[in-house]
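# Geometric and topological summary
Residues per chain, in single letters:
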Amino acid sequence: MNESFGAWAEAMPYQSGQEPAGRGYARSWDMAFDKGKAERLLKDRGLKVTRQRMAVLEAIDSCPREHLTAEEIFELVKADCPDIGLATVYRTIQLLGSLHLIDRVSFDDGFVRYEMGSALEGTVRHRHHHLICIKCGRVISFQDDLLEELEGKIIATTGFRVVDHEVKLYGYCVECGGDLIEEKRE
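What you see is a predicted model, and the numbers here were worked out from it, not measured in a lab.

About the thresholds
- Residues numbered from 1 in each chain as written.
- Predicted model: local features only at pLDDT ≥ 70, side-chain atom pairs only at ≥ 80, totals over all residues.
- Heavy atoms only, no water.
- Pairing = 2+ DSSP bridges.
- Helix = DSSP H or I, 4+ residues; strand = E, 2+ residues; numbered from the N terminus.
- Axes fitted to C-alpha atoms, helices over the stretch in contact; angles between N-to-C directions.
- Parallel < 35°, antiparallel > 145°, perpendicular 65-115°, else oblique.
- Left-handed = near helix turned anticlockwise from the far one by under 90°.
- Contact = heavy atoms within 4.5 Å.
- pLDDT = per-residue confidence, 0-100.

## A short note on the pairing of strand β2 (residues 102-106)
With five bridges joining them, β2 and strand β3 (residues 112-116) adopt antiparallel strand pairing. Each residue of the ladder has a partner; that of Val105, found in β3, is Arg113. Hairpin connection between β2 and β3: a loop of five residues separates the two successive antiparallel strands, and Asp108 in this loop has a positive phi of roughly 55 degrees.

Here it is, written out as structure tokens:
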């Protein structure tokens, strides 16, 4: 892929995923994208490894702190595959999502967004969760899964086995006065 991915990501017009400087969020998706693993996974499922499929994965991977819309992915991919159409990007996103190579997320802003999935890690895991600032729209991802005890109680009392969940917490980020708002309450 060319350097246009990184430059475009820095010029993103919205706040999604921009985390406060100096904060160390431990996240599994900061690992380098393993192109060979992705190719093997596609082949193992009887699918062709196409330039378009790999370009979509590389585009999403090039913006690890962002949650890209299909149109944003299309713009990134078009830089390296000028002949690709938006419909192809949508079909590719749907296929890669069904393989858990990418995950679909919604922040109730009218857009469906995408990020790297867990299939390349070789383990089944819950997705990470999101903190959403209701003032500026910033989205901060976090990995801690504090619901394991609740999931244990659910299976013990109902027999229902939780296999995944998504948590979105709404509030105010540090830049929008999150700490100050809390201090005023006290």
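## Thoughts on the packing of helix α2 (residues 35-44) against helix α3 (residues 51-61)
Two numbers describe a pair of packed helices, the interaxial angle and the distance between the axes. Contact pair α2 / α3: the axes reach a minimum separation of 11 Å and the direction vectors enclose 135 degrees. When the axis of α2 is compared with that of α3, the two are oblique. As for the relative orientation of α2 and α3, their crossing is right-handed in sense. Of α3, the residues touching α2 (which contributes Lys35, Ala38, Glu39 and Leu42) are Met54, Leu57 and Glu58.

## Some words on the sheet that holds β3
Spatially, the three strands line up as an open sheet ordered β1-β3-β2, and their pairing is antiparallel. Each of the sheet's edge strands pairs with one partner strand only, and the pair in question is β1 (68-69) and β2. Of the strands in this sheet, β1, β2 and β3 touch α3, which is tilted by about 90 degrees from β3.

## Examining the confidence of the model for the protein chain
For the protein chain, per-residue confidence averages 76 on the pLDDT scale, and residues scoring 70 or more make up 73% of the total. Per-residue pLDDT stays below 50 along residues 1-31; that stretch engages in 71 contacts with residues further than four places along the chain or on separate chains.

## Quick word on the sheet that holds strand β6 (residues 168-171)
Picture the strands of a sheet paired through backbone hydrogen bonds; they go either parallel or antiparallel. Spatial strand order, β5-β4-β6: three strands in an open sheet with mixed pairing. A single partner strand is all that each edge strand has here, and the edge strands are β5 (139-142) and β6. Here the average twist between neighbouring strands, direction ignored, is 20 degrees. Relative to β6, strand β4 (residues 129-133) runs parallel, the two being bridged by four bridges. Paired with Leu131 across the strands is Leu169, a residue of β6.

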